Amino acid sequence: MGVSSENYNVLNHHFEQFPGICSNQEGNRLWKGLWVSVVRCIWKHKNRIIFNQAKLDVEEIFTLAQVESWVWMKHKERKVTFSFSDWILSPITCINMVIR
């Protein structure tokens, strides 16, 4: 058929092995949310390539991952007070602001 697929078990295993680099649960939840945002953007872009004959655009994937992760944090965490511009310029600093 010529269509590749992703093994869900491998993806699930990767997520479970994704190390939390923060010492608290809130910080680990943010990092895992970032992981999900990035993987989701890659997945959506791959689907556009397969089903809509789009071209690979790594910059677009990265930009969408930045937007989706910021929007997700903004709606999930009350402590998120930083702007999207701050998020783009220094994501580690922004995360540290939330988990302290």
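Since we're looking at a predicted model, the values are computed, not measured.

Trainee: So what exactly am I meant to see when it comes to the overall build of the protein here?
Mentor: Within the protein, the regular secondary structure consists of five helices and zero strands. Listing each helix as α and each strand as β along the protein from the N terminus yields α-α-α-α-α. Residues counted as buried form 27% of the 100 residues belonging to the protein. Long-range contacts, defined as pairs at least 24 residues apart, comprise 41% of the intrachain contacts of the protein with a sequence gap of at least 6. Carbon and sulfur atoms provide 59% of the accessible area of the protein, an area that totals close to 7300 Å².

Trainee: Would you mind showing me how to read the pattern of salt bridges here?
Mentor: Note that side chains of opposite charge can pair when their charged atoms are close. Applying the stated rule across the entire model yields four salt bridges. Salt-bridge contacts for Arg 29 lead to Glu 77; the nearest nitrogen and oxygen are separated by 2.3 Å. Taken as a pair, Arg 29 in helix α2 (residues 25-52) and Glu 77 in the loop between α3 (58-76) and α4 (84-89) lie far apart in primary sequence, 48 residues in all. Since its relative accessible area comes to 40%, Arg 29 is described here as partly exposed. Taking relative accessible area as the criterion, Glu 77 reaches 6% and is therefore assigned buried. We note a salt bridge from Glu 68 to Lys 44, for which the minimum N-O separation is 2.7 Å. Of this pair, Glu 68 sits in helix α3 while Lys 44 sits in helix α2; the two residues are 24 residues apart in sequence, bridging distant segments of the chain. Glu 68 gets classed as buried once you look at its relative accessible area, which sits at 19%. Overall, the relative accessible area of 29% leaves Lys 44 in the partly exposed class.

Cut-offs applied
Residues numbered from 1 in each chain as written. Predicted model: local features only at pLDDT ≥ 70, side-chain atom pairs only at ≥ 80, totals over all residues. Heavy atoms only, no water. Helix = DSSP H or I, 4+ residues; strand = E, 2+ residues; numbered from the N terminus. Buried < 20%, exposed > 50% of the residue type's maximum accessible area, 1.4 Å probe, protein only. Contact = heavy atoms within 4.5 Å. Areas by Shrake-Rupley, 256 points an atom, 1.4 Å probe, with all protein chains shown as cover. Salt bridge = Lys/Arg side-chain N within 4 Å of Asp/Glu carboxyl O.

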